Amino acid sequence: MILKYLLEKEFKQFRRNPIFPRLMVAFPILIIFVFPWVTTFEVQNIKVTVVDDDNSTLSHRLTHEIENSRYFNLVGAEPSYQLGLADVEKGTADVVLDIPRDFEKNMIRRSGSNIQISANAVNGIKGNIGSSYLNAIVAQFATKIASEHGLKVQPAVNVITQNRFNEYLDYKKFMIPALITMVLILLCGFFPTLNIVSEKEIGTIEQINVTPVGKASFIIAKLIPYWAMGLIVFTVCFFLAWLTYGFAPQGNVLLIYLDAVLFIMFMSGFGLVVSNNSATMQQAMFVMFFCIMVFILMSGLFTPIHSMPQWAQDIAFFNPPRYYIEIMRSVFLKGSNFMENWFSYMMLAIFDLLINFWAILSYRKQS
Amino acid sequence: MKKMLSFIRKEFYHIFRDKRTMLILIGMPMVQIILFGFAISNDVKNVRVAYYAPHYNNDIQKLVAKIDANDYFIVVGKCTTKEDINHALLSGKADIVAYFDRDFSKIGKKGSTPTVNLIIDACDPNMATMESTILTQVINDYFKNPAGGTGALLVPHTRLLYNPSMESSYNFVPGIMGLILMVICAMMTSISIVREKEVGTMEVLLVSPSRPMGIIFAKMVPYFTISCLNLATILVLSVFVLKLPIAGSLIGLILFAMLYIALALAFGLLISTIMKTQVSAMLVSMMGLLMPTMLLSGMIYPVENMPAILQWISAVIPARWFITAVRKVMIQGLPMAAIVKEIAVIGGMLIIITGLSLKNFKKRLE
Amino acid sequence: MNDEMGNKVIIAENLTKKFGNFTAVDHITFEVERGEIFGFLGANGAGKTTAMRMFCGLSRPTEGKGSVGGFDVRTQAEQIKKNIGYMSQKFSLYEDLKVWENIRLFAGIYGVKEGEIKSRSEELLHRLGLYEERDSFVKSLPLGWKQKLAFSVAIFHHPKIVFLDEPTGGVDPIARRQFWELIYEAADQGITIFVTTHYMDEAEYCNRVSIMVDGRIDALDTPRNLKEQFGTTDMDGVFRALARKAKRGD
């Protein structure tokens, strides 16, 4: 059995590599302990500047309401809108709340009062969510004043929102499966990419090519260590997430592992395809850098796929990490079963077959 | 001086001869900026809505049609049983299920207030918040509900500054620029220099009578040229394809970006003086630059959301300063005076990194 | 396969390799007999390595025919590989593996039985005087030892033919002499040796030599006949007489 000897070689080389084993340890730690604190869109600490032209009891009460909200920090008061805007330009404020003259008078007379909310929307999500939070506070305030003055407003229909699967809207819960994906993409993608092309540059591949070794055995022996590495890293991340944040999968653990195995097989096979088709490590690395950016940024990992334009969604259809992440989130967070994800599993399996065949075919022993 | 020029010419020749790598170096950033400029977005769009209405009537029908006609939502179907609701959410076929309760049979009659329950897949908390806000608004509008119950008492007007149409690209493209320039410039320099070390041609150069500083300089010139070319294509594509404004000074923007490129090249040089093999140089430029830049620079995730200690760490990530400054000049159209701090930080980093790598380089020679 | 064919283990007929416009090997024709030590000489860039890579099944010929051990170089490369050993010009064993690990790896790949590998490799390491170094990483060995190790790995599985590409480049005369003793030992066991070199004293050790100039074979005979033909006292003279015609530089 030739495979045995090849595997011995690959595992020894992996263990002796000065960098690989260290990254295998460093990555899960970073991913679980550091990055969940970074990858948060939770909008908070929005800096508000108030331009209070009314200077009345009611305007002070409104200002006070905002100050007390957990989303906003009142950073200052400016005498004019222009100066408030200047604060936004300097970056000391995100939102300017402009309370007009006669604000109190108009409210009490029920003739309606306008206030203006101006949000820095360069970061769309922050501008959007920030201003809608501020709107909500203003609305609450208005209802309060209305009831104080005996004005009751009855809506025609109630709208109630129920958040499923992540009731407390915990962003870390959403991101941890995605971050584990990112580690697998990086480790199982880059290590194999460097493998064959570095044997080409060093020249050792020549000694292998002149032996009767089978293409498939050679490639499979290269792949197996990465599968093992991927599964170990995956398991470690999984346990750390559980120990640190108490996040346990809602669904069947075996389904999650099936997903991970399929994905790890895809990434390592992909790495070898790039490696086989590159002449130098530099080339291999740049190509992989490009592909990994696509894998990460177009898979729904950070930003949702349905927000993309149609053509980009079409590309994402052929982006295997997308299916892996969909299954991860679906089984891990929602607790869905196999049948609810069969399409994603099938897509991953197809990609696996194609890419690993290609990996074997693209290894050429004769030039 | 003449020797210097011939050196530089040799380096140019050396790099430009490798057509395949050149194609990658020039073509890749172009594809990336277009691809990601369009694709990275967290606009509320194409959100899939299903509904459950045991007492289906005209009002619901019209409302559903109205939701579907909206850019934000696509109505994907009707749930006939309560199990359907679960299934639609669990299988990911719908992001929201609108549940119209039985009071809808008496809609409009006095004393009855029917309820719409929006059951949302809240795995992604922000999208869930935005989706529910917008959908609630659509429903309120339809039934002419007073928005949030404020009545005519108080009408808030919202102005979204600098980005009135809420383009995600305004936020993300400066980040993508910062990421691409940093990683490509640093990787390209570090790998090529380490490669020369590995192959041994570096030693040959270093024993030649020319001064090592000169050699380093000659090596950097072609990479700087390629990087500037990349900068130009990225800017052109951002403006003409991605339709980003250049609201501030173009010259100022370019000069600032060139400073940033110089810093990225210096980073590459530093990595190459420390690392011995191409593999390690690549892994370090990749893991050490790609991940932190993507996550800690504010490219996707705002820096101010991070815990204080990570905010401190992000201060040493050059891309953070680059992105802030580009957003200010390019999108907000502020004068160059507004980014003095960023210029100073990038400039300071450039001096420190160059100094460090030259010191390392010399030490290796002795 | 008739007897006559059976004695000719390497046959080349108009074998040619082109890279774009450049003809690295230009219609070479010759035969190598079983058990011969065949010297394949030529200046740098004359096309020796390219020709050898075609015989080893590493490179596909552009034109012409070739067979090694009775197998066609174009269509039966994998069968050829079972019957040959190869030592490339650039040392290409795994430097991050230990001495015994390299031997074990290649023995395993060639299908030597698990039980035999250990005893045979110990015997081999003793014979090479490398037994003490069996646990060292290959990268820490001096070049001469690396070359001996590479040669031993190339013949460990008892191939019919072994191809050696500049096996003694860069080492001192004593190490070269020792290396040639290994070659003779292998030849005594009936292994056909196909060796390139640019040391002319080594050419004298061969049964027959061919001299390649600009991708073509310009001379082929025993060293003695060649010296007579060119009227010189050593192979160096033969070589210089031929090399003068070369157009390709280094």
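Residues numbered from 1 in each chain as written. Chains lettered and ligands numbered in written order. Predicted model: local features only at pLDDT ≥ 70, side-chain atom pairs only at ≥ 80, totals over all residues.

## Some words on the overall build of chain C
Alright, step 1. The number of helices and strands found in chain C is ten helices and ten strands.
Alright, step 2. For chain C, the C-alpha radius of gyration of 18 Å lies close to 18 Å, the compact-globule estimate for 250 residues.
Alright, step 3. Counting across all 250 residues of chain C, residues that qualify as buried make up 43%.
Alright, step 4. Taking as baseline every contact in chain C between residues at least 6 positions apart, the subset at least 24 positions apart corresponds to 68%. (Helix = DSSP H or I, 4+ residues; strand = E, 2+ residues; numbered from the N terminus. Rg over C-alpha atoms; globule rule 2.2 N^0.38 Å. Buried ≥ 20, exposed ≤ 12 C-beta atoms within 10 Å, placed from the backbone. Contact = placed C-beta atoms within 7 Å.)

## Comments concerning the environment of Thr324 of chain B
Residue and element names in this part refer to chain B.
Alright, step 1. Its place among the elements puts Thr324 in helix H12 (residues 318–332).
Alright, step 2. The class for Thr324 is buried, based on 20 C-beta atoms found within 10 Å.
Alright, step 3. Along the primary structure Thr324 and Gly175 are separated by 149 residues, whereas in three dimensions their C-alpha atoms are 8.8 Å apart.

## Focus: the domain arrangement of chain B
Alright, step 1. You can read the domains of chain B as domain 1 (2–40 + 166–365) and domain 2 (47–149).
Alright, step 2. For domain 1 of chain B versus domain 2 of chain B, the separation of C-alpha centres amounts to 48 Å. (Domains from an automatic or database assignment.)

## Observations regarding the nonpolar core
Alright, step 1. Grouped together as the largest cluster of nonpolar side chains are 285 residues, with contacts concentrated most on Val183, Leu184 and Leu187 of chain A together with Val97 of chain B.
Alright, step 2. Ranked by the residues each element gives to this core, the list is headed by helix H7 (residues 171–202) of chain A, at 19 residues.
Alright, step 3. Residue contacts for Leu184 of chain A: discarding those within four places in its chain leaves Gly230, Val233, Phe234, Phe263, Ile264 and Met267 of chain A. (Core = buried A, V, L, I, M, F, W, Y, C linked by C-beta atoms within 7 Å.)

## Points about the interface of chain A and chain B
Alright, step 1. Contact with chain A, which involves 92 residues of that partner, is made by 94 residues of chain B.
Alright, step 2. No other element matches helix H6 (residues 124–148) of chain A, which puts 16 residues into the side of chain A that touches chain B.
Alright, step 3. Residues belonging to the side of chain A that touches chain B are distributed by class as follows: 51 nonpolar, 31 polar and ten charged.
Alright, step 4. Examined bridge by bridge, strand S5 (residues 158–164) of chain A and strand S4 (residues 115–121) of chain B share seven bridges and lie parallel to one another. If you follow Asn163 of chain A over to S4 of chain B, its bridge partner there is Ile120 of chain B. (Nonpolar A, V, L, I, M, F, W, Y, C, P; charged D, E, K, R; others polar. Pairing = 2+ DSSP bridges.)

## What to know about the interface of chain C and chain A
Alright, step 1. The interface of chain C with chain A comprises 24 residues on the first partner and 18 residues on the second.
Alright, step 2. Mapped onto the side of chain C that touches chain A, the elements with two or more residues apiece are helix H3 (77–83) and helix H4 (99–109) of chain C.
Alright, step 3. Among the elements that line the side of chain C that touches chain A, the one with the most residues is H4 of chain C, at six residues.
Alright, step 4. Split by residue class, the side of chain C that touches chain A holds eleven nonpolar, five polar and eight charged.

## A look at the environment of Leu255 of chain B
Alright, step 1. Mapping Leu255 of chain B onto the fold places it in helix H9 (residues 250–274).
Alright, step 2. Placed 76 residues apart in sequence, Leu255 of chain B and Leu179 of chain B show a C-alpha to C-alpha distance of 18 Å.

## A few points about the sheet that holds strand S2 (residues 73–78) of chain B
Alright, step 1. The sheet built from five strands is open, its strands ordered S5(A)-S4(B)-S3(B)-S1(B)-S2(B) with mixed pairing. Each having just a single partner strand, S5 of chain A together with S2 of chain B make up the two edges of the open sheet. Strand after strand, the sheet turns through a mean of 25° between neighbouring axes, direction not considered.
Alright, step 2. Running over the sheet, helix H3 (residues 58–69) of chain B touches strand S1 (47–52), S2 and strand S3 (96–100) of chain B and is turned about 135° from S2 of chain B. (Axes fitted to C-alpha atoms, helices over the stretch in contact; angles between N-to-C directions.)

## A closer look at helix H10 (residues 253–276) of chain A
In an α-helix, one turn spans 3.6 residues; hence positions three or four apart end up facing the same way.
Alright, step 1. Taking 1.5 Å of rise per residue, the 24 residues of H10 of chain A would be expected to cover 34 Å, and the 35 Å separating its terminal C-alpha atoms lies within 8% of that figure.
Alright, step 2. Among the 24 residues that make up H10 of chain A, 18 are buried, leaving the element largely enclosed by the rest of the structure. (Expected span 1.5 Å × (residues − 1).)

## Some thoughts on the environment of Ala77 of chain A
Residue and element names in this part refer to chain A.
Alright, step 1. Looking at the element boundaries, Ala77 is found in strand S2 (residues 72–77).
Alright, step 2. Taking the number of C-beta atoms within 10 Å as the measure of exposure, Ala77 has 15 and is therefore partly exposed.
Alright, step 3. Between the C-alpha atoms of Ala77 and Ser344, which are 267 residues apart in sequence, the distance is 53 Å.
Alright, step 4. Not counting residues within four places of it along the chain, the set of residues in contact with Ala77 comprises Thr49, Val50 and Asp52.

## Comments concerning the confidence of the model for chain B
Alright, step 1. Averaged over chain B, the pLDDT score is 81; the fraction of residues at 70 or greater is 87%.
Alright, step 2. Confidence over residues 147–152 of chain B falls short of pLDDT 50; this stretch has 16 contacts with residues more than four positions distant or in other chains. (pLDDT = per-residue confidence, 0-100.)

## Thoughts on the arrangement of the chains
Alright, step 1. In this assembly two pairs of chains touch, with chains A and B having more contacts than any other pair.
Alright, step 2. With no contact formed, the shortest span from any C-alpha in chain B to any C-alpha in chain C equals 13 Å.

## Quick notes on the packing of helix H6 (residues 168–199) of chain B against helix H10 (residues 278–296) of chain B
Residue and element names in this part refer to chain B.
Alright, step 1. Axis separation between H6 and H10 bottoms out at 9 Å; the angle between their running directions is 170°. By the angle class used here, H6 and H10 are roughly antiparallel. Crossing hand, H6 versus H10: right-handed. On the side of H6, the interface is formed by Gly178, Leu179, Met182, Val183, Ala186, Met187, Ser190, Ile191, Val194, Arg195 and Glu198, while H10 contributes Gln278, Ala281, Met282, Ser285, Leu289, Leu290, Thr293 and Met294.
Alright, step 2. When the residues that make up the contact of H6 with H10 are grouped by side-chain class, the tally is twelve nonpolar, five polar and two charged. (Parallel < 35°, antiparallel > 145°, perpendicular 65-115°, else oblique. Left-handed = near helix turned anticlockwise from the far one by under 90°.)

## Concerning helix H11 (residues 281–297) of chain A
Alright, step 1. Taking 1.5 Å of rise per residue, 17 residues should cover 24 Å, and H11 of chain A covers 24 Å from first to last C-alpha, within 8% of that figure.
Alright, step 2. Within H11 of chain A, twelve of the 17 residues are buried, which leaves it mostly tucked inside the rest of the structure.
Alright, step 3. Of the positions making up H11 of chain A, those classed as buried are Met281, Gln282, Ala284, Met285, Phe286, Met288, Phe289, Ile292, Met293, Phe295, Ile296 and Leu297 of chain A.
Alright, step 4. Among the structural elements, H7, H10 and helix H13 (320–334) of chain A together with helix H2 (19–39), H6 and H10 of chain B are those in contact with the buried residues of H11 of chain A.

## Considerations on the pairing of strand S9 (residues 208–213) of chain C
All names here are of chain C.
Alright, step 1. Extensive coverage of S9 is indicated by the burial of five of its six residues.
Alright, step 2. In terms of strand pairing, strand S3 (residues 37–42) meets S9 through five bridges, oriented parallel. Its bridge partner lying in S9, Gly42 is registered against Met212.
Alright, step 3. Pairing analysis gives five bridges linking S9 to strand S10 (residues 216–221), with the strands arranged antiparallel. Bridge assignment links Ser210 to a residue of S10, and that residue is Leu220.
Alright, step 4. The antiparallel pairing of S9 with S10 creates a hairpin that spans two residues between the two strands, and Asp214 there sits at a positive phi of about 50°.

## As for the sheet that holds strand S5 (residues 71–72) of chain C
All names here are of chain C.
Alright, step 1. One open sheet accounts for four strands, arranged S2-S1-S4-S5; its pairing is antiparallel. The outermost strands of the open sheet, each flanked by one partner alone, are strand S2 (22–33) and S5.
Alright, step 2. Here strand S1 (residues 8–19) pairs with strand S4 (residues 63–68) via five bridges, running antiparallel. Along S4, the bridge assignment pairs Ala12 with Gly66.
Alright, step 3. Helix H2 (residues 48–55) rests against S1, S2 and S4 of the sheet, and its axis sits at about 120° to S1.

## Brief notes about unusual backbone geometry
Residues and elements named next belong to chain C.
Alright, step 1. Positive phi is not limited to glycine here, since His27 has a value of about 45°.
Alright, step 2. Looking at the secondary structure, you find His27 in strand S2.
Alright, step 3. His27 gets classed as partly exposed once you count the C-beta atoms within 10 Å, which come to 15.
Alright, step 4. We note that His158 has phi near 50°; this positive angle belongs to a residue other than glycine.
Alright, step 5. With respect to the helices and strands, His158 occurs in the loop between helix H6 (143–155) and strand S7 (161–165).
Alright, step 6. Overall, the presence of 14 C-beta atoms within 10 Å leaves His158 in the partly exposed class.

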